[in-house]
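# Chain and residue survey
Letter by letter, the chains look like this.
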Amino acid sequence: MALTLLSLSFLVLLLIGVPISFSIGLSAIATIFYEGLPIAVIFQRMTAGMSVFSFLTIPFFIFAGELMLYGGIADRIIQCARGVVGHIRGGLGMTNVLACTLFGGVSGSPVADISAMGAVMIPMMKRENYDTDYAVNVTTHSSLVGVLMPTSHNIIIYALVAGGGVSITTLILAGLLPALILTLANLTVAYLVAVHRGYPAGTFLGWSVALRSILRAVPGLMVVIIIIAGITSGVFTATESAAIAVFYALILTTLVYRSLSWADFLKAAVKSVKTTGVILMLISISSAFGYLISLYSVADTVGDALMAVSTNPIVIFLLINLALLLFGTFLDMAAHILICTPIFLPICEHFGMGPVQFGMMLLINCSLGLNAPPIGAAQIIGCTIGGIRMGEIMRTIWPFYLALLVTLLLVTFVPGFSLWIPAWFA
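Residues numbered from 1 in each chain as written. Predicted model: local features only at pLDDT ≥ 70, side-chain atom pairs only at ≥ 80, totals over all residues. Heavy atoms only, no water.

Along the protein chain, the regular secondary structure elements total 22 helices and zero strands. A compact globule built from 426 residues should have a C-alpha radius of gyration of about 22 Å, and the protein chain, at 21 Å, falls within 12% of that. A principal-axis box enclosing the C-alpha atoms of the protein chain has dimensions of 70 × 45 × 45 Å. With 426 residues in all, the protein chain has 54% of them scored as buried. Residue pairs in contact within the protein chain that sit at least 24 positions apart in sequence constitute 80% of those at least 6 positions apart. The positive charge centre, built from 15 side chains, and the negative charge centre, built from 14, are 16 Å apart in the protein chain. (Helix = DSSP H or I, 4+ residues; strand = E, 2+ residues; numbered from the N terminus. Rg over C-alpha atoms; globule rule 2.2 N^0.38 Å. Buried < 20%, exposed > 50% of the residue type's maximum accessible area, 1.4 Å probe, protein only. Contact = heavy atoms within 4.5 Å. Lys, Arg positive; Asp, Glu negative; His and termini not counted. Charge placed at Lys NZ, Arg CZ, Asp CG, Glu CD.)

Here it is, written out as structure tokens:
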């Protein structure tokens, strides 16, 4: 009965429009009262959930991304991408894919990626007579690669929720190959749709122009190399790498590019504080919710229900992906990770999928959720910038969604896509 109360109260609160953090917290409090437990249990779990040293990585990565955003890195990345692929059929679409991918590696946030790249690329594509739905879909799907990049704070959240069985370094390395596959899939779809719609090829400005644009963008992109090289060589930890990313972003935007004003620095700081506050609040409340999930053995209950359907690992993994996709339609990404990991990770481990591979599968499902109505933050931002209704976007979204689904299935059923690169550094 207590588990039913926990589940139903959470779903009802979500359906009536209560914010996700309050829905989680209120359902946990209602269940605690029903059980007759002291309310102090909630606050103890909330405090314990936030009191993790590794969580310092989250505000540092967020702040580094905001500094890059306000420091003008986006414009240089766009020029770099246009110099490399802008001359191909549907050149602005290809430029958009590559630019969003590169900036996603710098910011680690799909939402920041769409805000930065979409504000420039979507109006630019519309001026060049590209259809609005194409411009928005290319932007929103390409930005999702940032979830798998080394600067992604969602990787940090998953690593800490998954427990001691997986390191942040291993997850950072594991995300590189799926990110590359997803980028290639996005480039392929963007090109095929451009050919189908008859979009023109751009003008190649010459290798000298392309080389100059690449060199101007390299300092901004170096933050990814610094993080990977530093943690794999043992020079610094994942937490320290986030602090170094902030320091590098400050030096780059103030002394090298000289593009970060004091006003923009304050905007970046304020936005980082707000974002960090929201995420840490969600982590703390989800910790209490996770305590109840563990108390009522939800993972065992769900596992028994799945095995009643089939004991074939392929079927089980497909069913889990369907469940994760469903959760992704109404859960924020951080909440998605915090709630679903303790439920589905033990089941996947029972059927032979390790925590690293499950983490990549979960993060891609989170990406799919960002582009799924009714909560999909990526689609909402993209449609707002493009001035188009979400219903119009959904009519032509399927080729781009298919690219995500193909990548998801590869990561789910081919362990090497997640484990190959980490094995090099084992």
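The next point concerns the packing of aromatic side chains. Tallied over the entire structure, the rule returns nine aromatic pairs. Arranged with centres 4.7 Å apart and planes meeting at 40 degrees, the rings of tyrosine 130 and tyrosine 199 form a pair that is tilted. Placement of the pair is tyrosine 130 in the loop between α7 (110-127) and α8 (132-142) and tyrosine 199 in the loop between α11 (176-197) and α12 (207-233), with a sequence separation of 69 residues. Just as tyrosine 130 is buried, tyrosine 199 falls in that class too. Judged by centre distance (5.4 Å) and plane angle (20 degrees), the rings of tryptophan 262 and phenylalanine 265 are stacked. (Phe/Tyr/Trp six-rings, centres within 6.5 Å; stacked < 30°, edge-to-face > 60°.)

The volume enclosed by the largest pocket comes to roughly 530 Å³. As for the largest pocket, its lining consists of 28 residues, and the residues nearest its centre are Val111, His153, Thr275, Ile279 and Asp332. Among the elements that take part in the lining of the largest pocket, helix α14 (residues 262-295) stands out by supplying six residues, more than any other. Considered class by class, the residues forming the lining of the largest pocket number 17 nonpolar, eight polar and three charged. (1 Å grid on protein atoms, 1.4 Å probe; cavity = no way out; pocket = protein on both sides within 12 Å on 5 of 7 lines; lining within 4 Å. Points joined across faces, edges and corners; volume = space filled by probe spheres on them. Nonpolar A, V, L, I, M, F, W, Y, C, P; charged D, E, K, R; others polar.)

Before going further, it helps to spend a moment on a nonpolar patch on the surface. Residues Val84, Ile214, Val218, Met222 and Ile225 make up a contiguous nonpolar surface patch of roughly 350 Å² in combined accessible area. The dominant element in the nonpolar patch, judged by the number of residues it contributes, is α12, at four residues. Relative to the helices and strands, valine 84 is located in helix α5 (residues 73-85). (Patch = residues over 30% accessible without salt bridge, like charges linked within 9 Å, V, L, I, M, F, W, Y side chains within 5 Å. Areas by Shrake-Rupley, 256 points an atom, 1.4 Å probe, with all protein chains shown as cover. Salt bridge = Lys/Arg side-chain N within 4 Å of Asp/Glu carboxyl O.)

Every buried residue of helix α19 (residues 377-386) is accounted for by Ala378, Gln379, Gly382, Cys383 and Gly386. Axial view of α19: buried residues confined to an arc of 120 degrees, hence all on one face. Buried-residue contacts for α19 involve α7, α8, α18 (355-370) and α20 (390-395). Downstream of α19 by a residue or two, glycine 387 has a phi angle that is positive, lying close to 65 degrees. (Arc of directions from axis to C-beta.)

Membership of the largest hydrophobic core comes to 142 residues, with the highest contact counts inside it found for Ile24, Tyr134, Ile320, Phe344 and Phe358. Among the elements that line this core, the one with the most residues is helix α17 (residues 333-350), at twelve residues. (Core = buried A, V, L, I, M, F, W, Y, C linked by side-chain atoms within 4.5 Å.)

Now for the UniProt feature "transmembrane region" (unreviewed entry) in the protein chain. Using the residue numbers shown here, the UniProt feature "transmembrane region" (unreviewed entry) corresponds to residues 52-73, 217-236, 242-266, 278-299, 305-327, 358-388 and 400-421. Across residues 278-299, the secondary structure splits into 91% helix and 0% strand, with the terminal C-alpha atoms separated by 27 Å. (UniProt positions renumbered as here; feature names shortened; annotations may be inferred.)

Working definition: two side chains of opposite charge can pair if their charged atoms are close together. Enumeration over the complete set of coordinates arrives at three salt bridges. Across the salt bridge formed by arginine 197 and aspartate 131, the nearest N and O atoms sit 3.1 Å from each other. Taken together, the residues arginine 197 in helix α11 and aspartate 131 in the loop between α7 and α8 connect sequence positions 66 residues apart. Taking the relative accessible area as the measure of exposure, aspartate 131 reaches 35% and is therefore partly exposed.

Turning to the side chain of serine 367, a few remarks are in order. Residue placement: serine 367 occurs in helix α18. Here serine 367 falls in the buried class, since its relative accessible area comes to 2%. Apart from residues lying up to four places away in sequence, serine 367 is in contact with Leu144, Val147 and Met333.

To continue, consider the packing of helix α16 (residues 313-328) against helix α21 (residues 398-413). Following both chains from N to C, one finds α16 and α21 inclined at 140 degrees, their axes separated by 11 Å at the closest point. Put simply, α16 runs oblique to α21. Between α16 and α21 lies a crossing whose hand is right-handed. Residues Ile314, Phe317, Leu318 and Asn321 of α16 lie in contact with α21, whose contacting residues are Leu408, Leu409, Thr412 and Phe413. (Axes fitted to C-alpha atoms, helices over the stretch in contact; angles between N-to-C directions. Parallel < 35°, antiparallel > 145°, perpendicular 65-115°, else oblique. Left-handed = near helix turned anticlockwise from the far one by under 90°.)

You will see that asparagine 129, though not glycine, has its phi angle at about 70 degrees, which is positive. The residue asparagine 129 is located in the loop between α7 and α8 in this model. In this structure, arginine 258 takes a positive phi of about 55 degrees despite not being glycine. Locating arginine 258 in the fold gives a position in the loop between α13 (238-256) and α14.

A word on the environment of methionine 94. Looking at where methionine 94 falls in the secondary structure, it is placed in helix α6 (residues 91-107). Residue methionine 94 is classed as buried on the basis of its relative accessible area of 8%. Between the alpha carbons of methionine 94 and leucine 26 there is a distance of 45 Å; along the sequence they are 68 residues apart. For methionine 94, the residues in contact, after removing those within four places along its chain, are Val85, Ile88, Arg89, Leu187, Ala190 and Tyr191.

Turning to its location among the elements, asparagine 154 is positioned in helix α9 (residues 153-161). Filtering out sequence-adjacent residues up to four positions away, asparagine 154 remains in contact with Met333, Ala334, Ile337 and Leu363.

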